[in-house]
Amino acid sequence: MGQGSGEDFAEFAAVRAGHMYRSACLLTAGDTHLAEDLVQEALGRIYLRWSRVSRVGNPAGYAQTVLTRTFLAHRRRFSSRERARDSFPEFADTGADPSLRLTLLDALARLPAKDRAVVVLRYWEDRSIHETADALNVSSAAVRTRCVRALARLRELLGEDLAEYARS
């Protein structure tokens, strides 16, 4: 990789890392340490292919796809390992209700990894069904099915308060 390419990648990583980290936090249901690891691993994979990636029309979308696939691969590798927590990590005060954030993170954590990935990509990243299907390497029908299943599970977990959470 040439000197200019390395500088281009460093600039790309500096701009995208924050957004990737926030997405990773949602994917990991608030596990900030794992989120940092996933972002680092995803950026490392992108760096190795940067000469091709930088010529792609949407390197930011490619980065989110790599991040999501890295998360799913991690979940497959460590699916039998559980992490006990006695509290949630601290978050910066954004003026939002912290109990709402914790409730939503808890509900996301109860979803299966692939359902959580679909919810994050579709509703946090605001991707289309087709873009989500491409990122997860599944069919559009699988994305629709997972969306319906995940939203039904979230409604079950959040109960009647779901409309209140959506307005917040």
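Here the structure is a predicted model, which is why all the values come from computation and not from measurement.

Looking at the overall build of the protein
For the protein, the count of helices and strands is nine helices and zero strands. Here the protein holds 168 residues, and the buried ones make up 37% of them.

Observations concerning the packing of aromatic side chains
For the coordinates displayed, the defined rule picks out three aromatic pairs. Ring geometry for Phe9 versus Tyr47: centroids 5.0 Å apart, planes at 65°, classification edge-to-face. Of the two residues, Phe9 is situated in helix H1 (residues 3–27) and Tyr47 in helix H2 (residues 32–48); the sequence distance between them amounts to 38 residues. Assessed through its relative accessible area of 38%, Tyr47 is described here as partly exposed. Ring centres of Phe9 and Trp50 lie 5.4 Å apart, and the angle between their planes is 75°; this geometry places the pair in the edge-to-face category. Residue Phe9 is located in helix H1, and its partner Trp50 is located in helix H3 (residues 50–53); the two are separated by 41 residues in the primary sequence. Here Phe9 matches Trp50 in class, with each residue buried. Within the aromatic cluster, the residues linked to one another by ring pairs are Phe9, Phe12, Tyr47 and Trp50. Just above the ring of Tyr123 sits the side chain of Arg122; from NZ or CZ to the centre is 5.5 Å.

Some thoughts on H2
The end-to-end C-alpha distance of H2, which contains 17 residues, comes to 25 Å, matching closely the 24 Å that a straight helix rising 1.5 Å per residue would cover. For H2, the full list of buried residues reads Thr32, Leu34, Ala35, Leu38, Val39, Ala42, Leu43 and Ile46. The arc that holds every buried residue of H2, seen down its axis, measures 170°, which confines them to one face. Along H2, exposed side chains directed more than 90 degrees from the buried face belong to His33, Gln40 and Leu48.

Notes on helix H6 (residues 113–124)
Here H6 contains twelve residues, and its C-alpha end-to-end distance of 15 Å stays within 8% of the 16 Å for a straight helix at 1.5 Å per residue. What H6 keeps buried is the set Ala113, Asp115, Arg116, Ala117, Val118, Val119, Val120, Leu121 and Arg122. A positive backbone phi angle near 60° is found at Asp126, which sits one or two residues after H6.

A short note on the packing of H6 against helix H8 (residues 140–158)
Where H6 contacts H8, the two axes come as close as 9 Å, and the packing angle between them is 100°. Taken together, H6 and H8 sit at an angle that is classed as roughly perpendicular. Contacts from Lys114, Asp115, Val118, Val119, Arg122 and Tyr123 of H6 reach H8 at Val143, Arg146, Cys147, Arg149, Ala150, Leu151 and Leu154. Its residues placed into classes, the contact of H6 with H8 shows eight nonpolar, no polar and five charged.

Points about the nonpolar core
Ranked by size, the top nonpolar core spans 40 residues in total, and within it Met20, Ile46 and Leu67 carry the most contacts. Breaking this core down by element, the ones donating at least two residues are H1, H2, H3, helix H4 (59–77), helix H5 (98–109), H6, helix H7 (129–136) and H8. Looking at which element gives the most residues to this core, the answer is H1, with eight residues.

Cut-offs and rules
- Residues numbered from 1 in each chain as written.
- Predicted model: local features only at pLDDT ≥ 70, side-chain atom pairs only at ≥ 80, totals over all residues.
- Heavy atoms only, no water.
- Helix = DSSP H or I, 4+ residues; strand = E, 2+ residues; numbered from the N terminus.
- Buried < 20%, exposed > 50% of the residue type's maximum accessible area, 1.4 Å probe, protein only.
- Phe/Tyr/Trp six-rings, centres within 6.5 Å; stacked < 30°, edge-to-face > 60°.
- Lys NZ or Arg CZ within 6 Å of the ring centre and 35° of its normal.
- Expected span 1.5 Å × (residues − 1).
- Arc of directions from axis to C-beta.
- Axes fitted to C-alpha atoms, helices over the stretch in contact; angles between N-to-C directions.
- Parallel < 35°, antiparallel > 145°, perpendicular 65-115°, else oblique.
- Contact = heavy atoms within 4.5 Å.
- Nonpolar A, V, L, I, M, F, W, Y, C, P; charged D, E, K, R; others polar.
- Core = buried A, V, L, I, M, F, W, Y, C linked by side-chain atoms within 4.5 Å.

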